[in-house]
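Reading the structure
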Amino acid sequence: MTNFYPPTGAIDLMIEPRSTTLACVIKGSVPLPTVTRTDMKLMRYLASLMNSRMSRDVLNMAGLLADSLFIETPAVIVRATACAQPLFLGEMEAEAMATRHPVLLLRHSQGHLAPDVMADLVLPDDGDLRWLQDYRLFCGLAGDSWLVPTGYGLSVRLLPHGLFLTEHSPYADDWDRRAGVERASAHLDAHLQGDWSWR
């Protein structure tokens, strides 16, 4: 509490501590939000789809995407957030350039029901970067897991040894695509809503 004495009398001022900007990692970016339980579950869920071991991102040399997971076998950095685009696109790009690993950002809704998940992916590619944005989780009839575009573009198969990009879609038409996205959403919902343990 600080007392301030103007000519008309004393005024009590409460001085609040200012929030730090230590989490601002790129000039003009916003502080990274704290990783929530849903974020962590989504990151671990993706690792389970790839049947891969994961760890906290010890390779986070650039320090850009806090509390990321590093999927070890295919060497992919994964982060989840409830923030919408374009937030964190710059951080993803810088992380991919610094580590030379693909960076995958899962964007989800904040509701208590199964989140509507979209994915942004940046791939380091011979000195350049390849962006795949606004992708959805897709589950094939055989239980295979994919990231598929909302429109036209490459599809990404999630495999234990890496991300397989292909021009051939895992679905035959729009109806088949919608059914695969719904299967993936139901599978994710079963993991998020149940008392299923990630450990």
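Whatever comes next refers back to the structure up there.
We now turn to the structure provided with this report.

Conventions used here
- Residues numbered from 1 in each chain as written.
- Predicted model: local features only at pLDDT ≥ 70, side-chain atom pairs only at ≥ 80, totals over all residues.
- Heavy atoms only, no water.
- Helix = DSSP H or I, 4+ residues; strand = E, 2+ residues; numbered from the N terminus.
- Buried < 20%, exposed > 50% of the residue type's maximum accessible area, 1.4 Å probe, protein only.
- Contact = heavy atoms within 4.5 Å.
- Areas by Shrake-Rupley, 256 points an atom, 1.4 Å probe, with all protein chains shown as cover.
- Axes fitted to C-alpha atoms, helices over the stretch in contact; angles between N-to-C directions.
- Parallel < 35°, antiparallel > 145°, perpendicular 65-115°, else oblique.
- Left-handed = near helix turned anticlockwise from the far one by under 90°.
- Nonpolar A, V, L, I, M, F, W, Y, C, P; charged D, E, K, R; others polar.

Brief notes about the overall build of the protein
Counting its secondary structure elements, the protein contains 3 helices and 11 strands. Seen in sequence order, the protein has helices and strands lined up from the N terminus as β-β-α-β-β-β-α-β-β-β-β-β-β-α. Counting every position in the protein, which comprises 199 residues, the buried fraction comes to 43%. Sequence-distant contacts in the protein: of pairs separated by 6 or more residues, those separated by 24 or more amount to 51%. If you sum the accessible surface of the protein, you get close to 11,500 Å²; carbon and sulfur atoms cover 54% of it.

Description of the packing of helix α1 (residues 37-49) against helix α3 (residues 174-193)
The contact between α1 and α3 brings their axes to 11 Å, and the two run at 125 degrees. By the angle between their axes, α1 is oblique relative to α3. The way α1 lies across α3 gives a crossing that is right-handed. In this structure, α1 contributes Lys41, Leu42, Tyr45 and Leu49 to the contact, and α3 contributes Ala184, His187, Leu188, His191 and Leu192. When the residues that make up the contact of α1 with α3 are grouped by side-chain class, the tally is 6 nonpolar, 2 polar and 1 charged.

Function-wise, these values are silent; they only describe arrangement.
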